[in-house]
Every structure is written in C-alpha cells, then in structure tokens.
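Working through the structure, step by step
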Amino acid sequence: MIFDTHAHYDDEQFDEDREKLLLSLKENNIGRVVNIGANIQSTKSTVALTKKYPFIYGAVGVHPSDAGEMNEEVLAWLKSLTDLDKIAAVGEIGLDYYWDKEEDVRENQKRWFIRQLQMARECGLPVSIHSRDAAKDTLDIMKEYGKDLGGVIHCFSYSVEMAREYVKMGYYIGIGGVVTFKNAKAIKEVVADIPLERIVVETDCPYLAPVPNRGKRNSSLNLPWVIRAISEIKGIPEETVEAVTWENAIALYRMNDV
C-alpha cells in the first residue's frame, strides 16, 4: 500500500468529484492520506475530511503565504484542534519568499513559523515544513526551534548538502511528482544520496502532477509514478520503495499502524 503524506483534497479543484475519487483510492493501492491545512478555512475543511473518511488524517496549520491571518487567538484555536484523534501533525508551516519580497512580510512569516513550531512542541506533534526560496532562514529557524521535533521537509527543493542537514536532525524528506521531471537534477541527486529510510512520498495534490500527467490535476492515484522514479534512481524494486516509504510515513506521523 502507498501512503500519500501530503495532500490538499479540500481544494476546490476536487469539488466536482471528491467523493468518487477518494472512495477509489483503496482499490488503487492508496492506503492512507494526510490532508494538510494551509490557512484557517483549509484547516477547517481538513478536520471535516478526517471525520468523514477513515483513511484520511490531518495536519493543522497556517502556510507562510497566509501568515497575515495569524494572531494569538488563531494560534490557540489551532492548538485546540491538535487534541482531535486524527490530527497527526502541525502544518504546513514554514517560509515562502517566492511571492513575498517585503521585509516586514517576511518577518511576520518568521514570527508565526516559530510560534507554530513552539505549538507543535507543546502538543507533541511532528511538523510539515514548507520552504520556498528561503533555504538559509528556514534551516536557521529549524536548528534553533525545530531540532528533535520530528517531521517532514515537504516538497524538498534544495541541495544534497541541505537534505543531509535535515536528515541529521531526524527529519524525513518529502518526494513528489517533481522527481519525475526531466530537468529536476537537484531532487534526483537528493533521492540518490539520502537513505530510503528517510524518504516519504507525497502528491501536494492538486498540484505538481508527475510525468506523464504533468500539468494536469494531481491526485494520490499518480503516486506509482513517483515510486517508480525513486526505484529507478536507487536501483531497487518498486515494491521495496512502496513498503519502506509506507513504514517511514507511519513512523513520521507516529501512528503505530493504527
């Protein structure tokens, strides 16, 4: 079975066929999904999905691009959600400098990234980390506030050397559809270098569909292409990649195979 460690099935792109798609996952070898909150509304939707579908778990948090939503009241509300049975992580949280160039906006991202890391520590939950065009600042904050916290660096896009840093800190590396892209040299090098025991697979659906479906709406049904790419890079059977990444995801989210 395959474990999709990072999905956004609350996204409006799934409004027309969400139920049909989700109910088709099990027969297509997708055993478990963690739906990830990105803002207040998507966190609410994520909680609703965890209550409706036995195989869906959730992460609660506010994405850096939505850090303007954050205040202490919202943080307290997020913390209250971590008491729910199927909330497995805090996320996705982190830094995203791709769109936000203003220094005050970036400082606000850092503030609420740190506060949500602290919340995760207080709640005893792992974290799902988003980092885009913010490699140094993310790593610096993680070394100070995220060490030994546990979690995954979602949609990893940096160097082998930085992947090694996160692995040393006990983090998993999230690998998705980008690994199938012809020009994705950096992430292929990361997959080749780090131990399979530190890799989990993800979709980030509806985004980042793998080849041969690049540019289309993504879903967990595309994960076999990611599994295949990892197996080819590492020169090991697809069945091994599938089995080990499943166990990695169970360990990451501390599920003890519930």
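In this text the structure is predicted, and so the values were computed from the model without any measurement. (Residues numbered from 1 in each chain as written. Predicted model: local features only at pLDDT ≥ 70, side-chain atom pairs only at ≥ 80, totals over all residues. Heavy atoms only, no water.)

Attention now goes to the pattern of salt bridges. What the rule picks out here adds up to 11 salt bridges. A salt bridge links Asp137 to Lys110, with the shortest nitrogen-to-oxygen separation between them at 3.4 Å. Of the two residues, Asp137 sits in helix 5 (residues 135-146) while Lys110 sits in helix 4 (residues 103-123), which places them 27 residues apart along the sequence. Judged by its relative accessible area of 24%, Asp137 is partly exposed. (Salt bridge = Lys/Arg side-chain N within 4 Å of Asp/Glu carboxyl O. Helix = DSSP H or I, 4+ residues; strand = E, 2+ residues; numbered from the N terminus. Buried < 20%, exposed > 50% of the residue type's maximum accessible area, 1.4 Å probe, protein only.)

Both the distance between ring centres and the angle between the ring planes are used here to describe each pair of aromatic rings. A complete count under the given rule lists 8 aromatic pairs for this structure. Ring geometry for Tyr9 versus Phe14: centroids 4.8 Å apart, planes at 55°, classification tilted. On the basis of relative accessibility, which here comes to 0%, the residue Phe14 falls in the buried class. Considering the side-chain rings of Phe156 and Tyr166, the 6.5 Å spacing of their centres and the 80° angle between planes classify their relative orientation as edge-to-face. You can see Phe156 sitting in the loop between strand 6 (151-153) and helix 6 (160-168) and its partner Tyr166 sitting in helix 6, a full 10 residues away along the chain. Comparing Phe156 with Tyr166 shows no difference in burial state: the two are buried. (Phe/Tyr/Trp six-rings, centres within 6.5 Å; stacked < 30°, edge-to-face > 60°.)

Interpretation in functional terms is not warranted from these geometric data alone.
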